[in-house]
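# Residue-level structural notes
So the chains spell out like this:
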Amino acid sequence: MRKTTTLALIATGLVALGCGSGATDDATSSKDGAGSAKGGDKPAKTAKIGQAARDGKFEFTVKSSKCGVAKVGTSMLGDKAQGQFCLVTINVKNIGKEPQTLDGSSQKAYAADGTEYSSDTEAGLYANKEQSTFFEEINPGNQVTGVFVFDIPKNVKLTKLELHDSMFSGGIEVALS
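Residues numbered from 1 in each chain as written. Predicted model: local features only at pLDDT ≥ 70, side-chain atom pairs only at ≥ 80, totals over all residues. Heavy atoms only, no water.

Take the pattern of salt bridges next. Within this structure, the stated rule accounts for three salt bridges. Between Glu98 and Lys57 there is a salt bridge, and its shortest N-O distance comes to 2.9 Å. On the criterion of sequence distance, the pair formed by Glu98 in the loop between β4 (78–94) and β5 (100–103) and Lys57 in the loop between β2 (52–55) and β3 (58–73) is long-range, its members being 41 residues apart. Classification of Glu98 by relative accessible area gives partly exposed; the value is 43%. The exposure class of Lys57 is buried, given its relative accessible area of 12%. A salt bridge links Glu173 to Lys160; the shortest N-O distance between them is 3.2 Å. Within this pair, whereas Glu173 is found in strand β11 (residues 172–175), its partner Lys160 is found in strand β10 (residues 158–163), the two being separated by 13 residues in sequence. (Salt bridge = Lys/Arg side-chain N within 4 Å of Asp/Glu carboxyl O. Helix = DSSP H or I, 4+ residues; strand = E, 2+ residues; numbered from the N terminus. Buried < 20%, exposed > 50% of the residue type's maximum accessible area, 1.4 Å probe, protein only.)

Spelled out as structure tokens, the structure:
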């Protein structure tokens, strides 16, 4: 009996976690037509640099992208790329009604062949002198602009980003070229 009860509790907990894992606000398209997907789905549309795109409680606007950077930080404190750093400057606005944490590790970049690259959070700390993009809580209506850093091979060119309001959201794609 005790074993059955324990298994039932574990199963109930897993079901509850599964139901809540995709729980984000329904994304709506922004005024420029770039929309996003609901939690768990693939991104619905692709935005361009300079266009606002929404995923859950965040509105992302990619300002610029620069690759070929060998080192970020200062001569005393910094991080050296294994290949090359791509620095992507992004404005993130909380469009929800409660604080939301921006998790830099949830942001992804892709090459033309579909290879996925994760954000280098350590390099991001050195690249952002005044703002953090790793685990920054943003209150409703507020926004931050920061640099997300991706360490990619020297012969690779990034073609798109997939930006998320949380690790469970569907994300929004932004074309880099």
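So much for the structure itself; the text now carries on.
Core analysis: the biggest nonpolar cluster contains 25 residues, and Ile90, Phe150 and Leu161 have the highest contact counts within it. Where this core is concerned, the elements lending two or more residues are β3, β4, β6 (108–111), β9 (143–152), β10 and β11. For Leu161, the residues in contact, after removing those within four places along its chain, are Val62, Val88, Ile90, Lys108, Ala109, Phe150, Ile172, Glu173, Val174 and Leu176. In this structure, Val69, Phe85, Ala123 and Val147 belong to the second largest nonpolar core, which totals eight residues. (Core = buried A, V, L, I, M, F, W, Y, C linked by side-chain atoms within 4.5 Å. Contact = heavy atoms within 4.5 Å.)

Mapped onto the secondary structure, Val174 falls in strand β11. Distance from Val174 to Leu161, taken between C-alpha atoms, is 5.1 Å for residues 13 residues apart in sequence. Apart from the residues lying within four places of it in its own chain, the contact partners of Val174 are Thr46, Ala47, Lys48, Ile49, Val62, Thr159, Lys160, Leu161 and Leu163.

Before going further, it helps to examine the packing of aromatic side chains. The tally for this structure, following the rule as stated, stands at one aromatic pair. Ring centres of Phe58 and Phe60 lie 5.9 Å apart, and the angle between their planes is 80°; on these two criteria the pair is classed as edge-to-face. Comparing Phe58 with Phe60 shows no difference in burial state: the two are buried. Above the plane of the ring of Tyr110 lies Lys160, whose end atom (NZ or CZ) is 5.2 Å from the centre. (Phe/Tyr/Trp six-rings, centres within 6.5 Å; stacked < 30°, edge-to-face > 60°. Lys NZ or Arg CZ within 6 Å of the ring centre and 35° of its normal.)

Two strands in a sheet stick together by hydrogen bonds in their backbones, pointing the same way (parallel) or opposite ways (antiparallel). In spatial order, the strands read β2-β3-β4-β9; together these four strands make up an open sheet with antiparallel pairing. Because the sheet does not close on itself, it has two edges, and the strands there are β2 and β9. Looking at each pair of strands side by side, their axes are set apart by 40° on average, direction ignored. For β3 and β4, the ladder comprises 12 bridges, and the chain directions are antiparallel. By the bridge assignment, Lys66 is partnered in β4 with Leu87. (Pairing = 2+ DSSP bridges. Axes fitted to C-alpha atoms, helices over the stretch in contact; angles between N-to-C directions.)

The next point concerns the pairing of β11. With three bridges joining them, strand β1 (residues 46–48) and β11 adopt parallel strand pairing. When the bridges of β11 are listed, Lys48 appears paired with Ala175. Inspection of the sheet shows β10 paired to β11 by four bridges, in the antiparallel sense. The partner of Lys160 across the bridge, within β11, is Ala175.

Quick look at the sheet that holds β11 now. Reading across the sheet, the five strands line up as β1-β11-β10-β6-β7 and stay open at both edges, with mixed pairing between neighbours. The open sheet has two edge strands, β1 and β7 (116–118), and neither has a second partner. Across this sheet, the average inter-strand angle for adjacent strands is 30°, counted without regard to direction.

By themselves, these observations are geometric and do not establish any function.
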